[in-house]
Each structure stands twice: as C-alpha cells, then as structure tokens.
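Letter by letter, the chains look like this.
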Amino acid sequence: MVSMRAARYYAQEDVRIEDIEPASVSPDDVRISVTACGICGSDLGEYVGGPVTIPDEPHPVTGEELPVTMGHELTGAVSEVGRNVDIDVGTRVVMNPIIWCGNCRYCDEGHYRLCTGGGFVGLSGGGGGFAENLVVSAEKVIPIPEDVPSEFAALVEPFTVGVHAVAQSGLGAGDSVAVYGSGPIGLTVIQSALAAGAGPVYVSEPQGTRRALAAECGADEVIDPLETDPVEYITSETNGGVDTVFEVAGVKQTVNQALQTTKSGGTTTIVSLFEEGIEINPNDIVMPEQAVVGTAAYEGGPLSGREFGTTLRNFGTGAFNPEPLVTSRIALNDIVEKGFEALLDEGREEVKILVEP
C-alpha cells in the first residue's frame, strides 16, 4: 500500500507531518478513512508538557513508543475490513479509542476503561486520527445512524466524555448544577446535564467567547469569575449550594470553588486532568459530607457502543447540538500552526479545532 500522511508526536512541541506506511488489516480489524479528527485537550497537554500518557517506552498493550501518530476524536468511513468482520465498506463510523488488556481485574469485571495496562488509540499507539487512515479492531467502531450528519460526527467522542461524567455524578432529573469551565468538555457536560433533566445550570467561565457558547448550549446563568465571586453568587441563589458540581477547568482555584459550591450532601465531579498535584482543604468535603467523584473517559471494550450510542441518539434527536463547539477546520499539514499553536493563543479564543486530512 502507498504511504500516507500522519501527524507524529516526537517530544514536547515537536509534532511532525510525515509519510508513513499504513498498517495492515488483520481478520478482526477495519480500516477507517478519516474525514475529521478533533484536537483534544489531552493532545494539547502532550504538545505543551508531554510526553504524559504517550509512551516513551513500549506500551504494555500496543508495544509502541515514541514517535506515535496522534488523534482520537475521529470519524470516517470504513474502507477495508478483515475476513471476520461483518461491517460493510463505506459505513460511516466513529471510534471508541479505549485500549484494554483483557487480563487485569478491571477487564475481568467489565470496567475496561480502568484497565491497568490500558490507554487510548492516538495516544498509546495503535494508529491515530491525525492521519489519512488508521486500522483498529472492529469492536472499537460504532456505525453512525442516518439521521446524524457527518459534519460534526468527530464530536461524538468528546460528547461521550460528558455523557459518562453525568452518569458518574449520579445526577438526577431536577438537580441543580454548576459547571466550572466551558471549554469543549465543559460544553458537553452542560448539554449532557440538561439532557438528563438538570436545572438550573450555572456556569463559571472567564473567557467571553466560551461564556457565550455556554449560554448557547443552554446554561441558565453564566458567570464571569473575574467580576463576580461564583461561590458567593451560586450559593446565595441556591440556598446553600447546588446538588451537583462539575469541575472542568483543571486548576486549583476552580477545584476549591467547586467543592465550596456543592451543597451539604451533594456531589462534586472532577472531569479535568492535572499536570501536577493541587492543594485542597479536606474539611470542605468532610464537614458537609460531600461525595467527590472522578471521571476521565467512558465505557470501552465490548461495551464500546453503549455510551457512544447514547451520544449518537442525542445527536439524532437534537438533544445535543455540537455545532457551537467547532471554531475552526484545518488541513492536516497545518496542525501545528493553525491547530496546537492556535489553541494556545488566548487571543484566538478557539474552542474545538477539527483536522480534516
């Protein structure tokens, strides 16, 4: 097979567009011709401060190490199938990127996302969506229903992060909610909470463009924390705090604000990833008997399609609106300058950039 272009991660701020040999298709695999792949916050974190999850020694499942092809928020069409696969060539699909070993206690228990040797396609090896095509096992692909347009299908993966975060939080219909941070995942959390029946939904976000998007995504009240103390405002409006808070900004201040905005007996759900530890006051959890929940991804393995299916149904019904999140579409060759660097430029106020190989 002829070579293809791919964005390969070598080191911090060192991503190169290269011609590489495409992977071969084994009996249980499919080849996906990529139509779009989103730049995730984890991709940006690797670019700025990595390698973090990208392996600098052979990964326990994929066996791959630097350099790796990046990209895991992807959509495309099946262009080749293995002999054991019952999927038609041409089928539009999205991909669940979770990698799992199948041998640890968490895989045995069906919690594939918690696999001790796991990872993600596009970060841990196994190909990536910042390429013309990739090969993955058939259990990782989920067909796209006819009522879901291809234009925004690359956003199914980040929206499923929001779906899983809401499920992990235990949020119930009618629960009041606060969301700290309305970047791409924050916006998916807002829409997922509303789809689950939450309300009112308060959002704290310092960037003007993202505040406007939070309102467009259905938030009842949007707060600029540089002008209004969100803890003071939200607790006063809700008689002591909301039922469920989602921390999606990933900084010390917002974690502490999230804990202080949750009512006694409520739940704080932390969706962010952190490059280093932060300081909190445990009494903010202990005295009001709060629950603190962590969430990082979604179901995987043989359960790959369950939460992805929820997202696809919500795309089809209009319960989720992915359009406000996409601020730019770029070519693969421009991924560094118009992708990673643009997201780091605060003046650009980018939210989600889709790379179209």
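Here, the structure is the one placed above.
Our subject in this report is the structure included herewith. Because the structure is predicted, anything quoted here is derived from the model rather than measured.

## Notes on the sheet that holds strand β4 (residues 68-69)
Phase 1 of the analysis: Reading across the sheet, the three strands line up as β2-β1-β4 and stay open at both edges, with antiparallel pairing between neighbours. Edge positions in the sheet fall to β2 (14-20) and β4, since each of these pairs with one other strand and no more.

## Some thoughts on the pattern of salt bridges
Phase 1 of the analysis: In the structure shown here, the tally under the stated rule is 14 salt bridges.
Phase 2 of the analysis: Taking the shortest distance from any N to any O, the salt bridge between R8 and E18 comes out at 3.8 Å. One end of the pair, R8, is in strand β1 (residues 4-11); the other, E18, is in strand β2, with 10 residues separating them in the sequence.
Phase 3 of the analysis: Residue classification places R8 among the buried residues on the basis of a relative accessible area of 16%.
Phase 4 of the analysis: For E18, a relative accessible area of 21% gives the class partly exposed.
Phase 5 of the analysis: Salt bridges sharing common partners tie together E151, R329 and E356.

## Some remarks on the packing of helix α1 (residues 41-49) against helix α10 (residues 335-344)
Phase 1 of the analysis: Contact geometry of α1 with α10 gives a least axis separation of 10 Å together with a crossing angle of 90°. If you check the angle between α1 and α10, you find them roughly perpendicular. From α1, D43, L44, Y47 and V48 reach across to α10, where they touch V336, F340, E341, L343 and L344.
Phase 2 of the analysis: Here the contact of α1 with α10 is built from residues that sort into seven nonpolar, no polar and two charged.

## Focus on the packing of aromatic side chains
Phase 1 of the analysis: Under the counting rule described, the total for this entry stands at six aromatic pairs.
Phase 2 of the analysis: Plain terms: the ring middles of Y47 and F340 are 4.7 Å apart, the flat faces sit at 10° to each other, and that makes the pair stacked. Remark: F340 occurs in helix α10 and Y47 occurs in helix α1; sequence separation between them is 293 residues. Across this residue pair, the class does not change: Y47 and F340 are buried.
Phase 3 of the analysis: When the ring of F315 is compared with that of F320, the centres are 6.4 Å apart and the planes differ by 80°; the resulting orientation is edge-to-face.
Phase 4 of the analysis: F315 gets classed as buried once you look at its relative accessible area, which sits at 10%.
Phase 5 of the analysis: Taking the relative accessible area as the measure of exposure, F320 reaches 3% and is therefore buried.
Phase 6 of the analysis: Every member of this aromatic cluster is reached through a ring pair, and the members are F159, F315 and F320.
Phase 7 of the analysis: The cationic tip of R16 hangs over the ring face of Y10; the distance from NZ or CZ to the ring centre is 3.6 Å.

## A short note on the side chain of N256
Phase 1 of the analysis: You can see N256 is positioned in helix α7 (residues 252-261).
Phase 2 of the analysis: Only 3.1 Å separates the side chain of N256 from the backbone oxygen of E279, close enough to count as a polar contact.
Phase 3 of the analysis: N256 has contacts with E279, I280, N281 and D284, leaving out every residue within four places of it along the chain.

## Some remarks on the nonpolar core
Taken as a class, soluble globular proteins show a tendency for nonpolar side chains to be buried jointly.
Phase 1 of the analysis: Ranked by size, the top nonpolar core spans 43 residues in total, and within it V94, V179, L187, I190 and F246 carry the most contacts.
Phase 2 of the analysis: Mapped by element, the contributors of at least two residues to this core are α3 (156-169), β11 (177-180), α4 (184-195), β12 (201-204), α5 (208-216) and α9 (304-317).
Phase 3 of the analysis: Among the elements that line this core, the one with the most residues is α3, at six residues.
Phase 4 of the analysis: Setting aside anything within four residues of it in sequence, one finds L187 in contact with S182, R210, L213, A214, C217, L325 and V351.
Phase 5 of the analysis: Within the second largest apolar cluster, 35 residues are counted, among which are I54, V141, I335 and L343.

## Let's talk about the sheet that holds strand β14 (residues 242-247)
Phase 1 of the analysis: Overall, parallel pairing links the six strands, which are arranged β13-β12-β11-β14-β15-β16 in an open sheet. The open sheet is flanked by β13 (221-223) and β16 (291-294), the only strands paired with a single partner. Here the average twist between neighbouring strands, direction ignored, is 20°.
Phase 2 of the analysis: When β14 meets strand β15 (residues 262-270), the two strands line up parallel, connected through five bridges.

Cut-offs and rules
Residues numbered from 1 in each chain as written. Predicted model: local features only at pLDDT ≥ 70, side-chain atom pairs only at ≥ 80, totals over all residues. Heavy atoms only, no water. Pairing = 2+ DSSP bridges. Helix = DSSP H or I, 4+ residues; strand = E, 2+ residues; numbered from the N terminus. Salt bridge = Lys/Arg side-chain N within 4 Å of Asp/Glu carboxyl O. Buried < 20%, exposed > 50% of the residue type's maximum accessible area, 1.4 Å probe, protein only. Axes fitted to C-alpha atoms, helices over the stretch in contact; angles between N-to-C directions. Parallel < 35°, antiparallel > 145°, perpendicular 65-115°, else oblique. Contact = heavy atoms within 4.5 Å. Nonpolar A, V, L, I, M, F, W, Y, C, P; charged D, E, K, R; others polar. Phe/Tyr/Trp six-rings, centres within 6.5 Å; stacked < 30°, edge-to-face > 60°. Lys NZ or Arg CZ within 6 Å of the ring centre and 35° of its normal. Polar contact = N/O pair within 3.5 Å; in protein donor to acceptor, adjacent residues only side chain to side chain. Core = buried A, V, L, I, M, F, W, Y, C linked by side-chain atoms within 4.5 Å.

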